[in-house]
Amino acid sequence: MKPTSPLRRTSVRTSLLAAGLAASLALATGCAKSENDASDAKDPSASGDAGQVVATPSAGGKGCTTDAYGAEKIDLKTATVGFSQSEKEANPFRIAETQSIKDEAEKRGVKLLTANAQSQFSKQISDVQDLIAKGADLLVIAPLNSDGWEPVLRAASAKHIPIVTIDRKINATACKDYVSFIGSDFVEQGKRAADQMIDATGGKGEVAILLGAAGNNVTTERTKGFEDRVKEKAPDLKIVFKQTGEFAREKGQQVTEQLIQSKPGITGIYAENDEMGLGAVNALKGAGKKAGAVKIVTIDGTRNAVQGIVDGWIEGVIESNPRFGPLAFQTLDTFTQGGEVQQDIVIQDSAYSKANAKSDLGKAF
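What counts as what
- Residues numbered from 1 in each chain as written.
- Predicted model: local features only at pLDDT ≥ 70, side-chain atom pairs only at ≥ 80, totals over all residues.
- Heavy atoms only, no water.
- Disulfide = S-S within 2.5 Å.
- Helix = DSSP H or I, 4+ residues; strand = E, 2+ residues; numbered from the N terminus.
- Buried < 20%, exposed > 50% of the residue type's maximum accessible area, 1.4 Å probe, protein only.
- Phe/Tyr/Trp six-rings, centres within 6.5 Å; stacked < 30°, edge-to-face > 60°.
- Pairing = 2+ DSSP bridges.
- Right-handed = clockwise from strand over helix to strand, strands pointing away.
- Expected span 1.5 Å × (residues − 1).

## Some words on the state of the cysteines
Within this structure, the stated rule accounts for one disulfide. The residue that forms a disulfide with Cys-64 is Cys-175, at a sulfur-sulfur distance of 2.1 Å. Its S-S torsion of about 80° marks the bond between Cys-64 and Cys-175 as right-handed, since a negative value means left-handed. Linking Cys-64 in strand E2 (residues 63–64) with Cys-175 in the loop between strand E6 (163–166) and strand E7 (180–184), this pair joins segments that are 111 residues apart in sequence. Using a relative accessible area of 0% as the deciding quantity, one classes Cys-64 as buried.

Below, the structure written as structure tokens:
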């Protein structure tokens, strides 16, 4: 794709109705769920009844068009799309995310180039530069970190290549450096997780937070949402421990083992993804704790985490949906035809609790 002027910047957050993306963005289905071990995950393409839905748009949302961005209108079918995955695809969230992108490209007959950074940020930067060198006209990026994207933005701007980011934001300006961000409301996820924790604990006791990886907006916002809601609604629920589990099961287990030693009377654990929560379950089992003795709330919606609710080890799970393919390609299609797309496209997430975990287990990834 050879647009006529450089890209511009603005980061804003708004959402958009499932029916439309300004000039007719019809929302597609994706699936939902999470970050988990491939060894015990089900087929990522198997769950088709938990599709992505875009939240109702908020007032003041900003859009982006090819004219505003400095791009040319093209037929998406004639373009080459480059996709950069951030993390190893031993993680079911990443498996589902990548597969969804591949499936939608195949469905639409679009040439797709892919790269996986294997959880190395320097590799992701070089991966995207390589996708540009190989002729990508459009880029879909699942960022590992939010900062440090300047080399990619310069390279994309030099060739006037539009970028859509999914599931994590980059610290840059929408409709200048990138077209749109597509993802969940991570602050709201944290608030909903806090609500589940407050219900589970009666709003009293001591709670630990297993933080996600540093350097991205997901960790920051899921933490803020949880802390703000606890402060607002449950001042007697004290957050007494915070440590990163790096979004990994093994690390979550290690941190929880330390937690049990330093805070033996801990009431609850908020894990900022399912993988860390499942690691916490392993640590509690290893310490001889009974199911439900420590209240665990997680975010993602993997099949294993939802099964954990059924088995009594996990209190609740807030969903985060990885099936970005249909929505990402619809956004690109609308944009490249000259339509307006939102700069911030927010996904509506569901939740799992004791009330629905067994009946909705089939919807989990």
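## As for the packing of aromatic side chains
One pass over the full model with this rule turns up four aromatic pairs. Here the aromatic rings of Phe-226 and Tyr-270 are separated by 4.0 Å at their centres, their planes lie at 10°, and the arrangement is stacked. Remark: Tyr-270 occurs in strand E10 (residues 268–271) and Phe-226 occurs in helix H6 (residues 217–233); sequence separation between them is 44 residues. Relative accessible area serves as the criterion here: at 0%, Tyr-270 is assigned to the buried category.

## Observations concerning the pairing of strand E3 (residues 80–85)
E3 sits mainly inside the fold: six of its six residues count as buried. Burial along E3 is two-sided: the face carrying Thr-80, Gly-82 and Ser-84 and the face carrying Val-81, Phe-83 and Gln-85 are both buried. Relative to strand E4 (residues 111–116), E3 runs parallel, the two being bridged by six bridges. From the neighbouring strand, Gln-85 faces E4, where its bridge partner is Asn-116. Handedness of the β-α-β unit built from E3, helix H2 (residues 92–108) and E4 comes out right-handed. For E3 and strand E5 (residues 138–141), the ladder comprises four bridges, and the chain directions are parallel. In the strand pairing of E5, Ser-84 is matched with Ile-141.

## Topic: H2
Its 17 residues give H2 an end-to-end C-alpha distance of 24 Å, which sits within 8% of 24 Å, the value for a rise of 1.5 Å per residue. The element H2 is largely enclosed, with a buried count of 12 among its 17 residues. All of the buried residues in H2 are Pro-92, Phe-93, Arg-94, Ile-95, Ala-96, Glu-97, Thr-98, Ser-100, Ile-101, Glu-104, Ala-105 and Arg-108. One or two residues past the end of H2 sits Gly-109, with phi positive at roughly 70°.

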